[in-house]
Amino acid sequence: MNKNLLTKAIALSLVSATVIGCNTVEEGTDFSVSANEAVTFDTTKMVIAVTEQPATVTGDSVTRVNLVAGASSDGEALTVDSKNVIIRDMSEVSVESELLSPRTIEFSLESQPPAKVVGNELLFDAAIFDDLIHSNESMTFTYQYWVDNGYQFSCANMFQHPANCTEEEKAANPNLRLVEITVSAVDDPITAIEIDDFVVNLDGTLTAPLVVVPSYAANQDFTTDFIWEIADTTLATVTDGVISGLVSGTTTLTVTSVANSEITQTVEIEIANPPQNVAGLELKSPAGNDLPAVLTIPTCTTYAAMVSPIKEDDSKDFSGSFVYTLEATNNTFTIDGFAANSGFAQSGTFTQGSVDFNTQASYTDSLNVVLEGYDGGALSTEVALVDNVLCNYVAETSAGTGALNEDFKIYWNAGAGMKDGFAASTFIRNGDGADATVDTSIATSVVLTEGKDGTAGLKVTAIGSEHSAIHSYHKNDGRIYGQSLIDGGKFKVSYWVKNNTANSVTIGNEFMPSNDTKSANATIGQFDLSLLATSPDFVLAANSDWTLVEFDLDLPARANSQRGPKWEIIFTPSETEGTGNPLDLIIDDFSISVIE
């Protein structure tokens, strides 16, 4: 341990401050010593140094201090055997400790005194300090006593004994003397080293988290007492226990004690590239919109969220490695996670777990996002699973019984004389305004294909058309899709689109209720354009990956005589002239959920 960690403190809990003596004279007892002059000393304070001894040592652990060494009485040098003096009132003046770790050292001076007066000697037992003080530590005891040679020092009341003197008069006693004894610890050997796998940052440094056992052992200076070895010095280097990260990767560090080569340990170190300039994290929709306080996820679909870092300093760029982990608190949702190392902002997807709205009214969970290497904590948001009405209809379809309900999550029907669509009666519109047709000979097609998760999806293609659209309305009020929208209200609509087109494509959505009574021969003109509800346009980049289209819808209430509303999805390629295939889209995971 470094010497600059040394702390000085008095840290003793003492039962008694008086050293036990064997020749103390009680008050009222006569004594034969007498002298005309006070005792003279060559020094008024003796300084003694001793070393801690093992508790198993007997006899040799005691240091005998001659308390009259260098003293004379009436011109005669005093010795340890002098009979004409008595040691009086030995008491402790102070205790000072030099300890590497602040702590309280407890022992009783009555039952276990380090010092005892016997005749003219002070017996100091260093074995008492075994396991009390450790390497590079010491304790210093200062005692005061007086050598009584019979000299009558000035005192107002000398009746019977000088003990009757006041404290001030005692302090003026010329025969007072001090003895200072410092006991120093012997070196404690190192018995083990402890170190766990750790991480050092790329282009950073870190002192190895090595712990020596015991903590107070000698020989634990990182500069001189250990051998440090890095297995792969192209990844990291080590100097006196300080590791420098050079290249991202993983290697090992071996540490060996110089004092005892059998004490060695090898650990794994990772050279990491943590994210820099990050003040926090934010979770948004894939389109970059703020998420609500409670995120709602429709059943039968895959949802997504995008996590982005917030800059600590706007004038600096992000740097380092950005690896996110997306976790759910319980099993309401199945987490697909974020794409590792795909950029500063990353999107992760999740789907519903096992739910049954017939047995449980609501399902909630928490999504937690963790950025590896960022110590600002996890980002959490509350989520709720909501019923997707498009999951509820099961029917015999051209794709097989319930095929699209299970995979595509929407009803599929081959309308008489029409192209296959994605609802009960589906029209394919080509052109716009007065030029709009439903001519099946025009090469716009909607076919069943593989969707975003290997399940069923709708493939929409068109050649040379100005506009393309697919739309649906319902003659059968019994269908759950139609019923859910018949009475009006607020809804959230979403679906996923993948653009395989060589050009960008603008997607719009229109919802409108019918303006006439139910009939068997509904046409486009039967829908009331004044009640038209639209979504914002979504622009898909050329050859873009799966993108979530999501918007809120507010529909007016439908009169009982009116048809269900028509939903039309309009596709507008950025280039429609010439030959080739300007429109090639796949649509998947339709969802309509009730907001209120």
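This one's a predicted model, so the numbers in the text were calculated from it and none came from an experiment.

## Overview of the overall build of the protein
- Helix and strand content of the protein: 3 helices and 44 strands.
- Counting the 596 residues in the protein, one finds 46% classified as buried.
- Long-range contacts, defined here as pairs at least 24 residues apart, represent 71% of the contacts in the protein between residues at least 6 apart.
- Approximately 28100 Å² of the protein is accessible, and the part contributed by carbon and sulfur atoms is 47%.

## Structural notes on the sheet that holds strand S17 (residues 205–207)
- Sheet architecture is open: 3 strands sit in the order S17-S21-S20, paired in antiparallel fashion. Looking at which strands have only one partner, the edges of the open sheet turn out to be S17 and strand S20 (236–239). Here the average twist between neighbouring strands, direction ignored, is 25°.
- Here 4 bridges tie S20 to strand S21 (residues 242–245), and the two strands are oriented antiparallel to one another. Paired with Ala236 across the strands is Gly245, a residue of S21.

## Points about the sheet that holds strand S22 (residues 249–257)
- Overall, mixed pairing links the 4 strands, which are arranged S16-S23-S22-S19 in an open sheet. Two strands close off the open sheet at either side, each with one partner strand: strand S16 (198–201) and strand S19 (226–230). The sheet shows a mean angle of 30° between the axes of neighbouring strands, taken without regard to direction.
- Of the strand pairs in this sheet, S22 and strand S23 (residues 264–272) are connected by 8 bridges, and their pairing is antiparallel. Note that in S23 the partner of Val255 across the bridge is Gln265.

## Here's the deal with the confidence of the model for the protein
- Averaged over the protein, the pLDDT score is 76; the fraction of residues at 70 or greater is 71%.
- Between residues 393–442, whose pLDDT stays under 50, and residues either more than four places distant or in other chains, the model counts 126 contacts.

## Description of unusual backbone geometry
- For the bond from Val213 to Pro214, the omega torsion is -5°, close enough to zero to count as cis.
- Following the sequence through the fold, Pro214 ends up in the loop between strand S18 (211–213) and S19.
- The phi torsion at Asp240 lies on the positive side, around 50°, for a residue other than glycine.
- As for its placement among the helices and strands, Asp240 is situated in the loop between S20 and S21.
- One non-glycine residue with positive phi stands out, namely Asn277, at about 65°.
- Within the fold, Asn277 resides in the loop between S23 and strand S24 (278–284).
- Given a relative accessible area of 12%, Asn277 falls into the buried group.

Parameters and conventions
- Residues numbered from 1 in each chain as written.
- Predicted model: local features only at pLDDT ≥ 70, side-chain atom pairs only at ≥ 80, totals over all residues.
- Heavy atoms only, no water.
- Helix = DSSP H or I, 4+ residues; strand = E, 2+ residues; numbered from the N terminus.
- Buried < 20%, exposed > 50% of the residue type's maximum accessible area, 1.4 Å probe, protein only.
- Contact = heavy atoms within 4.5 Å.
- Areas by Shrake-Rupley, 256 points an atom, 1.4 Å probe, with all protein chains shown as cover.
- Pairing = 2+ DSSP bridges.
- Axes fitted to C-alpha atoms, helices over the stretch in contact; angles between N-to-C directions.
- pLDDT = per-residue confidence, 0-100.

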